[in-house]
Amino acid sequence: MRRSLPTALVVVVGLLLLLDFVVVNPSLAALAGTLLEYIVLIAAAAAITGALALGLRQVGLLRHGGEARSGPLLVLGGMAVMLIAGFYPGSSGATDPAVRWLVAALLMPLVAALFGLLFFFLLGAAQRGLRLRSRETTVMLLAACAALVLLLPLGGIVGAWLAGASSWALAVPIGGVFRGLLIGIAIATAISAARILLAVDGASDD
Amino acid sequence: MTEATPEGDPQIESEVKESEAGPMRRRAPASLRSRAGWPVLAPFALLALLAVAVVLPNLAPPLSLANPDRTAVTGFRAALGTLPDDPLVLVAFDADFGTYPEISYATRSALAELADSGASLAFVSYSPEGRALAAAELDRLQRSGVPADRLLDLGYRSGVEAGLVQSVTSIVPEAASGPLAGRVRAQGGGIDAFDAALIVGGSDLGPRIWIEQVATRIPQLPLVAIAPTVLRPELEPYLASGQLEGLLGTLRDGVAYGGDNGTAPDRPPSALAMLLGMLVGIGVLVEAAGGRLAAALSSLPGRRR
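Residues numbered from 1 in each chain as written. Chains lettered and ligands numbered in written order. Predicted model: local features only at pLDDT ≥ 70, side-chain atom pairs only at ≥ 80, totals over all residues.

J.: Explain the overall build of chain B to me, and be specific about the residues and the numbers.
T.: Looking only at helices and strands, chain B features twelve helices and six strands. Within chain B, the proportion of its 305 residues that are buried is 42%. Sequence separation of at least 24 residues holds for 72% of the intrachain contacts in chain B that already meet a minimum separation of 6. (Helix = DSSP H or I, 4+ residues; strand = E, 2+ residues; numbered from the N terminus. Buried ≥ 20, exposed ≤ 12 C-beta atoms within 10 Å, placed from the backbone. Contact = placed C-beta atoms within 7 Å.)

Put into structure tokens, the structure is as follows:
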């Protein structure tokens, strides 16, 4: 019984939005618009709650966290700097030059460097994975090696052949697997939605 | 993983034991200890090599990042070529920090080409990361001399897909002002006020979601996209069906497009640095695979005696 109200809400909201998608009706459109506004507000509230929870968690770690205090300090410091840049008196928010500088000159290079390091970490992990002799790891890494060879930035005839082969690999085998995954996910989502709409899920009747 | 531990290979067994023993303060694996010295210096040497490669000019023609097959570039440029005079283009900027370096060259080239052709650009984002990157690119465009009255910042819209659906009928924030905001409002105030949408993808809200949520509601709106390679397999069917009129979906296509574009504002990524990094990657994988092959051969029944 406790879960029947949320289920009913999901069903009603879902059907209303679906109806608005297929039927042109001003009243229905207005109702769907209001519902969308609620969803947007809930999403915004969830984002703010998430940021607050992260901040509180870091404060807790800072107060009770023994040696490892540099992480929480950095997180809280980063949050504070961004908030000050976006909210100081006279600030224009996200378009303020201070925020733009922080993003373009600090955040972007830092994250790009982190993702660059991922390459080296992956190589290290690949080496260890191969030493552990997992068959799946070997297959995955052979595929990665083949992809690297296909992506080599060579010119001339060899480069043209490699570029063609990499395009084919992306469009045919990799594309096929991706599409299979997407179709599978879509079917699973549809089944899950149908179970909720038809109240087939036993848990919803609790 | 542990069931795959080989028998008769003391080195690998000891490494497996070591890797399972202590999570943080375990000793380095035996193979690394035996090669002490170079593994410590290797990352720094590679870093120095990459730095030199980035600074050195590209060695054309032996090295080339640009895709010799211009199909994607031609399609993308043809889609932009069908825009009317003084077009109003919506730039949906939802790239992510991790993959943006891969598409930044193509994105900046496309924005420069649109600005040079006299298009007015309105930026909107549905992800916080996209918003941060969009603000930086807007700043860059302003500094490069694009008139302020041809740029409109529609800001960040929360709600992800719900926010996108809401934008179909209302995309201009109340606080937005200026001639461009007025022009969008005069044409209905929704996404259908625009002549085309350029979607810069990478985050969860990419071109596929745009096709699902916007193209189904405004089928006459031309959609073109710039996306990292990881998204290309899922976008290929939409390109083939015409729902996506143009796509730059790989670094090769992006470099080919920027190279053709005389207004490309950036240096293309360094082919030499990429080649070096890839060769190191291939080398490490081949070395590890060779070790595995050698271990497998040594554990064959005839060689165990």
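J.: So what's going on with helix 12 (residues 271-298) of chain B? Residues and values would help.
T.: The terminal C-alpha atoms of helix 12 of chain B, which comprises 28 residues, lie 40 Å apart, in line with the 40 Å expected from a rise of 1.5 Å per residue. Of all the residues in helix 12 of chain B, the buried ones are B:Ala271, B:Leu272, B:Leu275, B:Gly277, B:Gly281, B:Val284, B:Ala288 and B:Arg292. (Expected span 1.5 Å × (residues − 1).)

J.: Mind laying out the pairing of strand 1 (residues 88-93) of chain B, listing which residues take part and the relevant values?
T.: Residues and elements named next belong to chain B. Burial runs high along strand 1: six of the six residues are buried. Strand direction decides the pairing type here: strand 1 and strand 2 (residues 120-125), joined by five bridges, are parallel. Paired with Ala 92 across the strands is Val 124, a residue of strand 2. Considered for its hand, the β-α-β crossover made up of strand 1, helix 5 (residues 100-116) and strand 2 is right-handed. The sheet contact formed by strand 1 and strand 4 (residues 196-200) spans five bridges and is parallel. Note on strand 4: the bridge partner recorded for Val 89 is Ala 196. (Pairing = 2+ DSSP bridges. Right-handed = clockwise from strand over helix to strand, strands pointing away.)

J.: Provide a residue-level description of the sheet that holds strand 4 of chain B, including the pertinent values.
T.: Residues and elements named next belong to chain B. With respect to topology, six strands assemble into an open sheet ordered 3-2-1-4-5-6, the strand pairing being parallel. The outermost strands of the open sheet, each flanked by one partner alone, are strand 3 (151-156) and strand 6 (246-248). Strand-to-strand twist across the sheet, computed as the mean angle between neighbouring axes with direction ignored, equals 15°. (Axes fitted to C-alpha atoms, helices over the stretch in contact; angles between N-to-C directions.)

J.: Break down the packing of helix 5 (residues 135-150) of chain A against helix 12 of chain B for me, with residues and values.
T.: In the contact formed by helix 5 of chain A and helix 12 of chain B, the axes pass within 10 Å of each other and the chain directions differ by 150°. Here the hand of the crossing between helix 5 of chain A and helix 12 of chain B comes out left-handed. Of helix 12 of chain B, the residues touching helix 5 of chain A (which contributes A:Thr138, A:Leu141, A:Ala144, A:Cys145, A:Leu148 and A:Val149) are B:Met278, B:Gly281, B:Ile282, B:Leu285 and B:Arg292. Looking at side-chain class alone, the contact of helix 5 of chain A with helix 12 of chain B contains eight nonpolar, two polar and one charged residues. (Left-handed = near helix turned anticlockwise from the far one by under 90°. Nonpolar A, V, L, I, M, F, W, Y, C, P; charged D, E, K, R; others polar.)

J.: Describe the interface of chain A and chain B, naming the residues involved and giving the relevant values.
T.: The accessible area lost on association of the parts is a frequent measure of interface size. Residue-level contacts link 51 residues of chain A with 53 residues of chain B. Looking at the side of chain A that touches chain B, the elements with two or more residues in it are helix 2 (26-64), helix 4 (97-131), helix 5 and helix 6 (156-197) of chain A. With 16 residues, helix 4 of chain A is the single largest residue contributor to the side of chain A that touches chain B. Here the residues of the side of chain A that touches chain B are counted per class, giving 37 nonpolar, ten polar and four charged.

J.: Give a detailed account of unusual backbone geometry, specifying residues and quantitative values.
T.: Residue and element names in this part refer to chain B. Its identity is not glycine, yet Asp 86 carries a phi of approximately 50°, on the positive side. Here Asp 86 lies in the loop between helix 4 (71-81) and strand 1. Residue Asp 86 is classed as exposed on the basis of its 12 C-beta neighbours within 10 Å.

J.: Summarise the packing of helix 6 of chain A against helix 10 (residues 232-241) of chain B; cite the residues concerned and give the values.
T.: The geometry of helix 6 of chain A relative to helix 10 of chain B is characterised by a closest axis approach of 8 Å and an angle of 90° between their N-to-C directions. Viewed along their axes, helix 6 of chain A and helix 10 of chain B adopt a mutual orientation that is roughly perpendicular. Packed against helix 6 of chain A, whose contacting residues are A:Leu170, A:Ala171, A:Ile174, A:Gly175, A:Phe178, A:Arg179 and A:Leu182, the element helix 10 of chain B presents B:Arg232, B:Pro233, B:Glu234, B:Glu236 and B:Pro237 at the interface. Split into classes, the residues belonging to the contact of helix 6 of chain A with helix 10 of chain B amount to seven nonpolar, one polar and four charged. (Parallel < 35°, antiparallel > 145°, perpendicular 65-115°, else oblique.)

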